[in-house]
Amino acid sequence: MRVVTDNKTSALPNPFILERADPQITRHTDGRYYFTATVPAYDRIVLRGADTLLGLRDAEETTIWVQHPEGPMGSHIWAPELHWIDGAWYVYFAAGEAASATADVWRIRMYVLENRNPDPLAGEWTEKGQIETPVDSFSLDATTFAHNGTRYLCWAQHDPGLEGSNTSLFLAALADPWTIKGAPVELSRPELPWETIRFAVNEGPYALIRNGKVFITYSASGTGAEYCVGLLSADEGADLLDPASWTKHPEPVFTTNAANGIYGPGHNAFTVDEDGNDLLVFHARAYEEIVGDPLDNPDRHCRVQPFGWNEDGTPDFGRPLPEH
């Protein structure tokens, strides 16, 4: 196992950014860092940019889009992700309908914004609309990655035919950044004991391609201390749209660490520091007991820590580090 011991990354302050769940940090091709995440009010999409990773902590936060006052995209603005695709910026996010006497705020679907300015904090963000899926059901946490000449979309969606399950993970090729091409395939459904605590959930996928493998991490179970990270893997030369190409790790790969006081780590992303060291980005709470609905609790803070690799080429995320 290789363990990262670089002082720059192992000494990163945690929590890294307060009250920002479902965090994503991406390093652009010019070396600049960008950060986005869910805000506790669930009403807008924010971005930060900085020349250094550490600079994101105190960077000015810019609101690039706000929820609609009525109709679709009017509530539950969740899990934005920023991606640079073919010379433009795209933000993927989930949203429900604006509250009204007839609206369904839990009619969560996936949407896309586009900005063709090289600087995502400048220019104009335009709505590209909803990502249409063959089954029109609760869907969220869209992420995208390119591999062997194909761009893919991976997301979480409720399968109405799967009794007792909240969301499974699906994968499809993209015709463009907001349009699915072909039939999606189911990669994973919540069926293991650690995936079904309080709620049967697979959600929050994120891709990592290394060591001849395509890895997809995802989060499972309810959003309290039971929340954890699972791992799917496929050979880099395999047909990624064949569910048989994927293997699910039988145990979670990143979980609550009561000894370090970190609970419910999940909805992760990946980035690298200025020297190319691998970093895990995730949210977690610093206490176990939550008063009321966990979704109303703002204390899912963004955290960042280094990770290494096992001898078999799989990532070794270790345990959530204590606050410091």
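What counts and how
Residues numbered from 1 in each chain as written. Predicted model: local features only at pLDDT ≥ 70, side-chain atom pairs only at ≥ 80, totals over all residues. Heavy atoms only, no water. Helix = DSSP H or I, 4+ residues; strand = E, 2+ residues; numbered from the N terminus. Rg over C-alpha atoms; globule rule 2.2 N^0.38 Å. Buried < 20%, exposed > 50% of the residue type's maximum accessible area, 1.4 Å probe, protein only. Contact = heavy atoms within 4.5 Å. Areas by Shrake-Rupley, 256 points an atom, 1.4 Å probe, with all protein chains shown as cover. Lys, Arg positive; Asp, Glu negative; His and termini not counted. Charge placed at Lys NZ, Arg CZ, Asp CG, Glu CD. Salt bridge = Lys/Arg side-chain N within 4 Å of Asp/Glu carboxyl O. Pairing = 2+ DSSP bridges. Axes fitted to C-alpha atoms, helices over the stretch in contact; angles between N-to-C directions. 1 Å grid on protein atoms, 1.4 Å probe; cavity = no way out; pocket = protein on both sides within 12 Å on 5 of 7 lines; lining within 4 Å. Points joined across faces, edges and corners; volume = space filled by probe spheres on them. Nonpolar A, V, L, I, M, F, W, Y, C, P; charged D, E, K, R; others polar. Core = buried A, V, L, I, M, F, W, Y, C linked by side-chain atoms within 4.5 Å. Polar contact = N/O pair within 3.5 Å; in protein donor to acceptor, adjacent residues only side chain to side chain.

**A word on the overall build of the chain**
Regarding its fold elements, the chain presents one helix and 21 strands. Against the globule reference of 20 Å for 324 residues, the chain gives a C-alpha radius of gyration of 18 Å, in line with a compact fold. If one aligns the C-alpha atoms of the chain with their principal axes, the spans along those axes are about 55 × 45 × 45 Å. Residue burial in the chain is summarised as follows: out of 324 residues, 55% are buried. Looking at the chain alone, contacts between residues at least 24 apart form 52% of all its contacts between residues at least 6 apart. Carbon and sulfur atoms provide 49% of the accessible area of the chain, an area that totals close to 13200 Å². A distance of 3 Å separates the average location of the 23 positive side-chain charges in the chain from that of its 47 negative side-chain charges.

**Describing the pattern of salt bridges**
Per the counting criterion, the structure on display carries 14 salt bridges. Residue Glu61 pairs with Arg48 through a salt bridge whose shortest N-O separation is 2.9 Å. Placement of Glu61 in the loop between β3 (44-50) and β4 (62-66) and of Arg48 in strand β3 is noted, with a sequence separation of 13 residues between them. Among the residues examined, Arg48 registers a relative accessible area of 10% and is labelled buried. One salt bridge connects Arg116 with Glu114, and the closest N-O pair in it is separated by 3.1 Å. Three or more residues are tied together by salt bridges with common partners; here these are Arg20, Arg48 and Glu61.

**So, the sheet that holds strand β17 (residues 263-272)**
Spatially, the three strands line up as an open sheet ordered β17-β18-β19, and their pairing is antiparallel. Where the open sheet ends on each side, the last strands, each with one partner, are β17 and β19 (301-306). Pairs of neighbouring strands in the sheet enclose a mean axial angle of 30°, with direction left out of account. Both β17 and strand β18 (residues 278-285) contribute to a ladder of six bridges, which runs antiparallel. When the bridges of β18 are listed, Phe270 appears paired with Leu280.

**A short note on the pairing of strand β13 (residues 202-210)**
Where burial is concerned, most of β13 is hidden: seven out of the nine residues are buried. Of the pairings in the sheet, the one linking β13 to strand β14 (residues 213-220) comprises seven bridges and is antiparallel in character. Within β14, the position partnered with Ile209 by the bridge is Val214.

**Thoughts on the layout of surface pockets**
When its volume is computed, the largest pocket comes out at roughly 640 Å³. Considering the residues around the largest pocket, the lining is formed by 26 residues, among which Thr26, His83, Tyr206, Ala207 and Phe270 are closest to the centre. When contributions to the lining of the largest pocket are tallied by element, the ones reaching two or more residues are β1 (21-27), β5 (75-85), β9 (139-147), β13, β17 and β18. Take the lining of the largest pocket: its biggest share by element is five residues, from β13. The space that makes up the second largest pocket amounts to roughly 530 Å³. Elements represented by at least two residues in the lining of the second largest pocket include exactly β5 and β9. A class-by-class count of the residues in the lining of the second largest pocket yields 11 nonpolar, seven polar and six charged.

**Quick notes on the pairing of strand β10 (residues 150-157)**
Counting buried positions along β10 yields six of eight residues, so the element is predominantly enclosed. The pairing of β9 with β10 spans seven bridges and is classified as antiparallel. Looking across to β10, one finds that Phe145 is bridged to Tyr152. Counted between consecutive antiparallel strands, the loop separating β9 from β10 contains two residues, among which Asn148 sits at a positive phi close to 50°. Relative to strand β11 (residues 168-176), β10 runs antiparallel, the two being bridged by six bridges. What sits directly across from Trp155, in β11, is Phe170.

**Concerning the environment of Ala220**
Position of Ala220 relative to the elements: it lies in strand β14. For Ala220, a relative accessible area of 0% gives the class buried. Separated by 16 residues in the primary sequence, Ala220 and Gly204 place their C-alpha atoms 8.5 Å from one another.

**Description of the nonpolar core**
Ranked by internal contacts, the top residues of the largest apolar core, which has 30 residues, are Phe16, Ile25, Leu53, Leu56 and Val304. Among the secondary structure elements, those contributing two or more residues to this core are β2 (33-38), β13, β15 (228-235), β17, β18 and β19. For this core, the element with the highest residue contribution is β18, accounting for five residues. Apart from the residues within four sequence positions on either side, Phe16 is in contact with Ile25, Leu53, Leu54, Leu56, Arg57, Cys302, Arg303 and Val304. In terms of nonpolar packing, the next biggest core, distinct from the first, is built from 25 residues, Trp78, Tyr152, Leu232 and Trp246 among them.

**As for the side chain of Thr38**
Secondary-structure assignment places Thr38 in strand β2. For Thr38, a relative accessible area of 2% translates into the label buried. Among the polar contacts listed, one links the side chain of Thr38 to the backbone nitrogen of Ala79, at a separation of 2.7 Å. Excluding residues within four positions of it along the chain, Thr38 makes contact with Glu19, Arg20, Ala21, Asp22, Ile77, Trp78, Ala79 and Pro80.

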